[in-house]
Amino acid sequence: LAKTTQPISMDSYEGQEVNITCSHNNIATNDYITWYQQFPSQGPRFIIQGYKTKVTNEVASLFIPADRKSSTLSLPRVSLSDTAVYYCLVAYSSASKIIFGSGTRLSIRP
Amino acid sequence: SQTIHQWPATLVQPVGSPLSLECTVEGTSNPNLYWYRQAAGRGLQLLFYSVGIGQISSEVPQNLSASRPQDRQFILSSKKLLLSDSGFYLCAWSGLAGKGNEQYFGPGTRLTVT
């Protein structure tokens, strides 16, 4: 059973690049890695998803090494509005069993 | 486009009272549906998921139950609420398994049991 581990919190400054790493040692061959962003009193919002190597979209990049036992969400040039909790999720492809990590509280300062 | 609705947005209920939270999805067919609970300052705990009408899987033993009477309707219920049932309840949907289960969340219901 895959379990994800993330740092509890991180701090950074506007304009910096932020990298949040998630460990998922027991990830299976067909599992995907998904990252979500959550603001207070709102539902999580999908950021990015990947299976291997690198994925990039308009808001983030996701780096997954060859062994897939970890992944790194990269947020380029963060702003104050990026202050939120970020969740790493390993999604089983063969079942609907979902395990959310405990989340990383990211605080961006001016 | 797909949208997901939850109601009510907030709810205050006394201990021992019943509960019914509703979630509906528009713009998609045969979605996987999920109920999560989030305690204050904590992560998301998966409570139930459903891959089709009448098909409910429970992740944790608890005071709650779920039903899926229609393809795009998911209901969370309790016969008698406990103080520990307080929290932020989130409904989510995803497409078929095998595509990473990318989930889309509703706005949530804030439940306070007094």
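Whatever comes next refers back to the structure up there.
Residues numbered from 1 in each chain as written. Chains lettered and ligands numbered in written order. Predicted model: local features only at pLDDT ≥ 70, side-chain atom pairs only at ≥ 80, totals over all residues. Heavy atoms only, no water.

## Remarks on the sheet that holds strand β3 (residues 19–26) of chain B
Residues and elements named next belong to chain B.
Consideration 1: With respect to topology, 4 strands assemble into an open sheet ordered β1-β3-β8-β7, the strand pairing being antiparallel. Single-partner strands in this sheet number two, and they are β1 (3–7) and β7 (65–70). The sheet shows a mean angle of 20° between the axes of neighbouring strands, taken without regard to direction.
Consideration 2: Taken together, the 6 bridges between β3 and strand β8 (residues 73–78) define a ladder with antiparallel strand orientation. In the strand pairing of β8, T24 is matched with Q73. (Pairing = 2+ DSSP bridges. Helix = DSSP H or I, 4+ residues; strand = E, 2+ residues; numbered from the N terminus. Axes fitted to C-alpha atoms, helices over the stretch in contact; angles between N-to-C directions.)

## Looking at the packing of aromatic side chains
Consideration 1: Overall, the coordinates contain 7 aromatic pairs over all chains when judged by the stated rule.
Consideration 2: When the centroid spacing of 6.2 Å and the interplanar angle of 80° are considered together, the rings of Y36 of chain A and F46 of chain A count as edge-to-face. On the criterion of sequence distance, the pair formed by Y36 of chain A in strand β3 (residues 32–38) and F46 of chain A in strand β4 (residues 45–50) is long-range, its members being 10 residues apart.
Consideration 3: Judged by its relative accessible area of 0%, Y36 of chain A is buried.
Consideration 4: One aromatic cluster in this structure is built from Y36 and F46 of chain A together with Y34, Y36 and F105 of chain B. (Phe/Tyr/Trp six-rings, centres within 6.5 Å; stacked < 30°, edge-to-face > 60°. Buried < 20%, exposed > 50% of the residue type's maximum accessible area, 1.4 Å probe, protein only.)

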